[in-house]
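# Descriptive analysis of the structure
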Amino acid sequence: MGFPLFQWFSSATDSNMTFTLAREEDADGCVTKGTKGLSLFYLETRGHDNLLNGIEIRTLKNKLGTRQLPTAELNLQGTFARLIGQPGRGVPTISKMLTVTRLHNAISAVSYMRRILTLARDYASKRIAFGTLLKDHPLHMRTLATLELETRGAMLMLFEVARLLGLEETGKADSRELQALRVLTPLLKLYTAKQAVWVVSEGLECFGGQGFIEDTGIPNILRDAQVLPIWEGTTNVLALDVIRALTPDLPDGVVNVLGSKKNEHGSYNDPFDLVAASPHAWTNLATKLNLLKLIDWQKNAPHPDMLTTSARDFAYTLGLHYIGVLLLEAANNGMAKETDTFAASEWINRGMSILKNPPSYSDADNQANTSLVMEGYTDTVSV
């Protein structure tokens, strides 16, 4: 039976089955190290006798949020599992499942954003402050409008990625759509997850002290949303994945992704053509300059290390641009409402880039960042 295998973190411990990565021993009892040694297995948590399949639950985790989902430390010993796919190809085999789970993560993110906004909007129509309903205070409504804009943008991006996944799963996606799906999946997950935490936190604040009281159920929304940037890859990990998916031909890849949606004639919407065709004057200069800046930045990046250092800022900027294109497309739709036009205008005119100039990602700047963080540090600090 060998020694038990300890698993420090197991999510959804009460599920009936799981896919897991593990290493197989060769005839000499040796294993291949690294990701190439990992194989994918299908594992049922209970046998035909309804007893745990060589699984010992050591303890349940005490978590910040998602407490309705049991997470545990496990010991595995004599656990039976079935190989899925080829030996040593576990990571490529499981990657399709990661696409689905990252999409589910984004669905949760958009759902949390919409939920807190729905509650805040209703509260604004009932709560009186300074003798006036909150909904009649322009400052408060401007705050809610900013959160609404983020939610709409995230929802459009979510639906577009879901559409691309549907094309891929039915064998109808072409090479450009497959590339877009590969890039947009980690981009969607990282962007919506981070924005959900911000939107929910701002939404909670709209309730004043009641947003901080457990009896209202509102604090639980924020606690649960906080896990979204952690599940299925943290922000920095996914930002690096976005860069990896776009290289080696990164500038052209950016244009292809931004223009990956076909029009009614079956041809792709070039983002620059979409801007030029817009009847709204505010789109032309602002959007074109932002797109050119993003593409030129990548062409002028001196070396690959700079792309790695800038990955987070680049991914966020690409996400802002992509949502901008989707909002602009919605504003130019024949069925568009005034609110669609206003949403696109607000998104584009507020700026769509957080990228800094290339020197900000240089080795000298990296060393300065490290010095800033580590100044006065000793290894005796306790939590």
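A word on the packing of aromatic side chains. Following the criterion strictly, the structure yields three aromatic pairs and no others. Centroid distance Y123 to F207: 4.9 Å. Interplanar angle 45°. Geometry classified as tilted. A residue pair is termed long-range when its members are at least 10 positions apart, and Y123 in helix α1 (residues 90–124) and F207 in the loop between α3 (175–205) and α4 (218–225) qualify at 84 residues. Stacked on the ring of W347, the Lys or Arg R350 has its end atom at 4.1 Å from the ring centre.

Let us now look at the sheet that holds strand β2 (residues 17–23). With antiparallel pairing, three strands are arranged side by side in an open sheet as β2-β3-β6. This sheet does not close on itself; its edge strands, each paired only once, are β2 and β6 (82–84). Here the strands of the sheet are splayed against their neighbours by 40° on average, with no regard to which way each runs. Bridging between β2 and strand β3 (residues 38–44) involves seven bridges; their strand directions are antiparallel. Bridge assignment links L21 to a residue of β3, and that residue is L40. Each of β2, β3 and β6 touches α1; the most contacted strand, β3, lies at about 55° to it.

Our next topic: the packing of helix α5 (residues 235–246) against helix α10 (residues 311–331). Where α5 contacts α10, the two axes come as close as 8 Å, and the packing angle between them is 75°. It follows that α5 is roughly perpendicular to α10 by the angle criterion. Contacts between α5 and α10 pair T235, N236, A239, L240, V242, I243 and L246 from the former with A311, R312, F314, A315 and L318 from the latter. Looking at the contact of α5 with α10, its residues break down into nine nonpolar, two polar and one charged.

With twelve residues, helix α11 (residues 338–349) should cover 16 Å at 1.5 Å per step; its first-to-last C-alpha distance of 16 Å lies within 8% of that length. Regarding α11, the residues found buried are A343, A344, S345, W347 and I348. Downstream of α11 by one or two residues, G351 has phi in the positive range, about 100°.

Take the packing of α1 against α3 next. At a closest axis distance of 8 Å, the pairing of α1 and α3 adopts a crossing angle of 20°. Considering their axes alone, α1 and α3 lie roughly parallel with respect to each other. By crossing handedness, the relation of α1 to α3 is classed as left-handed. Residues T99, R102, L103, N105, A106, A109, Y112, M113 and I116 of α1 lie in contact with α3, whose contacting residues are T185, P186, L188, K189, T192, A193, Q195, A196, V199, V200, G203 and L204.

Our next topic: the sheet that holds strand β5 (residues 72–76). The strand order across the open sheet built from three strands is β1-β5-β4, with neighbouring strands paired in antiparallel fashion. At either margin of the open sheet sits one strand with a lone partner, and together these are β1 (5–10) and β4 (55–60). This sheet shows a mean twist of 25° between the axes of neighbouring strands, independent of strand direction.

What follows deals with unusual backbone geometry. Negative phi characterises most residues that are not glycine, and trans characterises most peptide bonds. Non-glycine residue N50 carries a positive phi angle of around 70°. For N50, the position within the fold is in the loop between β3 and β4. Here F130, not a glycine, exhibits a phi torsion of approximately 55°, which is positive. Inspection of the secondary structure assignment puts F130 in the loop between β7 (128–129) and β8 (132–133). In this structure F130 comes out as exposed when scored by relative accessible area, which is 81%.

The rules behind these values
- Residues numbered from 1 in each chain as written.
- Predicted model: local features only at pLDDT ≥ 70, side-chain atom pairs only at ≥ 80, totals over all residues.
- Heavy atoms only, no water.
- Phe/Tyr/Trp six-rings, centres within 6.5 Å; stacked < 30°, edge-to-face > 60°.
- Helix = DSSP H or I, 4+ residues; strand = E, 2+ residues; numbered from the N terminus.
- Lys NZ or Arg CZ within 6 Å of the ring centre and 35° of its normal.
- Pairing = 2+ DSSP bridges.
- Axes fitted to C-alpha atoms, helices over the stretch in contact; angles between N-to-C directions.
- Contact = heavy atoms within 4.5 Å.
- Parallel < 35°, antiparallel > 145°, perpendicular 65-115°, else oblique.
- Nonpolar A, V, L, I, M, F, W, Y, C, P; charged D, E, K, R; others polar.
- Expected span 1.5 Å × (residues − 1).
- Buried < 20%, exposed > 50% of the residue type's maximum accessible area, 1.4 Å probe, protein only.
- Left-handed = near helix turned anticlockwise from the far one by under 90°.

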